[in-house]
Amino acid sequence: MGILHIFDMDGTLLAGSTASLEIARHTGTTPRLLEMEARFAAGELDTQGFSAALPGLWADLTPQVVAAAYAAAPWLGGIAEVCADIRARGEHSLVITMAPDFFARHLLELGFDEVAASSFPPLPFTAPLDPGGVLTPADKVRIADSTRARLGLGREQCLAYGDSMSDAPLFRHLPHTVAVNADHHLADLAALDYRGDDLTEAYRLARTLLPTVTPTP
């Protein structure tokens, strides 16, 4: 039976952190990023506005710095093993994140089949950001549905893993969901709740949902 595994990145695969925070640590821009995050939390910046400010914050950012930030980031254990098991079973893995694509696409190296992320100009930034390429929580549902339709799968053949309210639209849309180190707002929406630092355990827990799967359009 085909199964689509849909993973969030920031706060889920990337434990207790975000791509932006990890890049900020490597570029000495953490205080300025935290100011932006405070404005975002206060509603002064929306998702597109926050993303549009990043090129100005990291005007000299290079792929080498991004790769170093990615390598040093606090990832959950067992990610490559989970990807390998999914692929060995003939299933499909997809990461959907609102984080920049220049960071998230490194996850392909671990064995994910697809990564969908906010689209940024090539580094170093030499072109303006297209706000239309910045993903929102609603886009997670759109991308998940587009992918499963392409694979010929029903909603019951999807497993979603997430940690925050940006995952809430997808968790409300799909019946099989696992909250990973989430606060109670998302955990209350999830079918299952995992706490820990090993993705293999969250994945094992998620697979317990599969015996009840009955494909529907």
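Description of the structure in this document. Only a predicted model underlies this, so the values are computations on that prediction, with no experimental measurement involved.

Analysis parameters
Residues numbered from 1 in each chain as written. Predicted model: local features only at pLDDT ≥ 70, side-chain atom pairs only at ≥ 80, totals over all residues. Heavy atoms only, no water. Core = buried A, V, L, I, M, F, W, Y, C linked by side-chain atoms within 4.5 Å. Buried < 20%, exposed > 50% of the residue type's maximum accessible area, 1.4 Å probe, protein only. Contact = heavy atoms within 4.5 Å. Salt bridge = Lys/Arg side-chain N within 4 Å of Asp/Glu carboxyl O. Helix = DSSP H or I, 4+ residues; strand = E, 2+ residues; numbered from the N terminus.

1. Things to note about the nonpolar core
Residues F7, M9, L13, W58, W75, F102 and F103 are the most contacted members of the largest nonpolar core, which totals 51 residues. Those residues in contact with F103 that sit more than four places away from it in its chain are M9, L14, A19, E22, I23, V66, A69, Y70 and W75. Core analysis: the next-biggest nonpolar cluster, separate from the first, contains 21 residues, A116, A160, A179 and A182 among them.

2. Remarks on the pattern of salt bridges
Note that side chains of opposite charge can pair when their charged atoms are close. Enumeration over the complete set of coordinates arrives at twelve salt bridges. Close ionic contact of D8 with K140 constitutes a salt bridge, the shortest N to O distance being 2.9 Å. Here D8 is found in the loop between strand 1 (4-7) and helix 1 (19-27), whereas its partner K140 is found in helix 7 (residues 137-151), with 132 residues between them in sequence. Residue classification places D8 among the buried positions, given a relative accessible area of 4%. One salt bridge connects K140 with D167, and the closest N-O pair in it is separated by 2.6 Å. With a gap of 27 residues between them, K140 in helix 7 and D167 in the loop between strand 4 (158-162) and helix 8 (168-173) connect regions that are remote in the sequence. For the pair formed by K140 and D167, the shared burial category is buried. In this structure, a network of salt bridges that share partners links the residues D8, K140 and D167.

The analysis is restricted to geometry; functional conclusions fall outside its scope.
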